Amino acid sequence: GAGVSQSPSNKVTEKGKDVELRCDPISGHTALYWYRQRLGQGLEFLIYFQGNSAPDKSGLPSDRFSAERTGESVSTLTIQRTQQEDSAVYLCASSPLTAGINQPQHFGDGTRLSIL
Amino acid sequence: DQQVKQNSPSLSVQEGRISILNCDYTNSMFDYFLWYKKYPAEGPTFLISISSIKDKNEDGRFTVFLNKSAKHLSLHIVPSQPGDSAVYFCAARTGGSQGNLIFGKGTKLSVKP
């Protein structure tokens, strides 16, 4: 498809379980971002991948959160031993890299994660 | 400490009138600003952006104004249409990078027919 694709669209799981969220960026976009949005809040940055550079993990809230990306393709966000405060919509975005030109980020529809 | 603030959680406007959404920021290193629109159960959709070297950018019914001295930007929608009803997020990024955006909490716009 033409846009950022995320799966699953919804995920309900029990506290303490691990979850894995997937993001397919727009083809050719070298930058990929993960954000989360808690109820009534703005988007909160989690992690950023740019090509083969080391990812910027400065937004990850704890060591239970990790993410991987192979090359310029799919990324997975993993949350281990989920807690109720992890309940949120997890959004993925991608953007092209054009030297000297600001480019907007394009978002998927997110994964709504509910921890029981 | 919020670096990007949208102080109005909601705004109601009559169809055909102007909608003005406001955003304030604290970080003087921000040099790229964006507005996103978000419908329920969908991801944010990019609307319009402005670089800090400009004070105005216009795209059809949407205009973004930037006042760097006041660290304030606004989005004007004119004329407003019922389909514009959504949550609008202001976002900013520091210069020289393709890094992450800092988002405000959003303003819910309702355009009444």
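Please refer to the structure placed before this passage.
Reading guide: rules and limits
Residues numbered from 1 in each chain as written. Chains lettered and ligands numbered in written order. Predicted model: local features only at pLDDT ≥ 70, side-chain atom pairs only at ≥ 80, totals over all residues. Heavy atoms only, no water. Pairing = 2+ DSSP bridges. Helix = DSSP H or I, 4+ residues; strand = E, 2+ residues; numbered from the N terminus. Axes fitted to C-alpha atoms, helices over the stretch in contact; angles between N-to-C directions. Buried < 20%, exposed > 50% of the residue type's maximum accessible area, 1.4 Å probe, protein only. Contact = heavy atoms within 4.5 Å. Buried area = accessible area lost by both parts, 1.4 Å probe. Salt bridge = Lys/Arg side-chain N within 4 Å of Asp/Glu carboxyl O. Polar contact = N/O pair within 3.5 Å; in protein donor to acceptor, adjacent residues only side chain to side chain. Nonpolar A, V, L, I, M, F, W, Y, C, P; charged D, E, K, R; others polar.

**Focus on the sheet that holds strand 1 (residues 5-7) of chain A**
Note on sheets: strands pair through backbone hydrogen bonds, and any given pair is parallel or antiparallel. Residues and elements named next belong to chain A. With antiparallel pairing, 4 strands are arranged side by side in an open sheet as 1-3-7-6. Two strands close off the open sheet at either side, each with one partner strand: strand 1 and strand 6 (65-69). Here the average twist between neighbouring strands, direction ignored, is 15°. Where strand 1 and strand 3 (residues 19-24) come together, 3 bridges link them in antiparallel fashion. Bridge assignment links Gln-6 to a residue of strand 3, and that residue is Cys-23.

**Some points on the pairing of strand 6 (residues 56-59) of chain B**
Residues and elements named next belong to chain B. In the sheet, strand 6 pairs with strand 7 (residues 62-67) via 4 bridges, with the strands oriented antiparallel. Bridged to Asp-59 within strand 7 is Phe-62. Between strand 6 and strand 7, which pair antiparallel one after the other, the connecting turn spans 2 residues, and Gly-60 there sits at a positive phi close to 60°.

**Some details on the pairing of strand 9 (residues 86-94) of chain B**
Residues and elements named next belong to chain B. Counting buried positions over the 9 residues of strand 9 gives 7, a clear majority of the element. Across 2 bridges, the pairing between strand 9 and strand 10 (residues 102-103) is antiparallel. Directly across from Ala-92, in strand 10, lies its bridge partner Ile-102.

**What about the sheet that holds strand 6 of chain B?**
All names here are of chain B. Strand order in the open sheet made by the 5 strands is 1-3-8-7-6, with antiparallel pairing throughout. This sheet does not close on itself; its edge strands, each paired only once, are strand 1 (4-5) and strand 6. In the sheet, strand 1 pairs with strand 3 (residues 19-25) via 2 bridges, with the strands oriented antiparallel. Paired with Lys-5 across the strands is Asp-24, a residue of strand 3.

**Remarks on unusual backbone geometry**
Residue Ser7(A) is joined to Pro8(A) through a cis peptide bond whose omega torsion reads -10°. Position of Pro8(A) among the secondary structure elements: in the loop between strand 1 and strand 2 (10-13). Of the consecutive residues Val78(B) and Pro79(B), the connecting peptide bond is found in the cis state with omega at -10°.

**Looking at the interface of chain A and chain B**
Contact residues are listed per partner, giving 23 residues for chain A and 18 residues for chain B. Buried area between chain A and chain B, both sides added, is near 1700 Å², and the carbon and sulfur share of it is 53%. Inspection of the region where chain A meets chain B yields 0 salt bridges. One can count 3 residue pairs in polar contact (both at pLDDT 80 or more) joining chain A with chain B. Counting residues per element, the ones that place at least two in the side of chain A that touches chain B are strand 4 (31-37), strand 5 (43-50) and strand 8 (88-95) of chain A. With 4 residues, strand 5 of chain A is the largest single contributor of residues to the side of chain A that touches chain B. Within the side of chain A that touches chain B, the residues separate by chemical class into 11 nonpolar, 10 polar and 2 charged.

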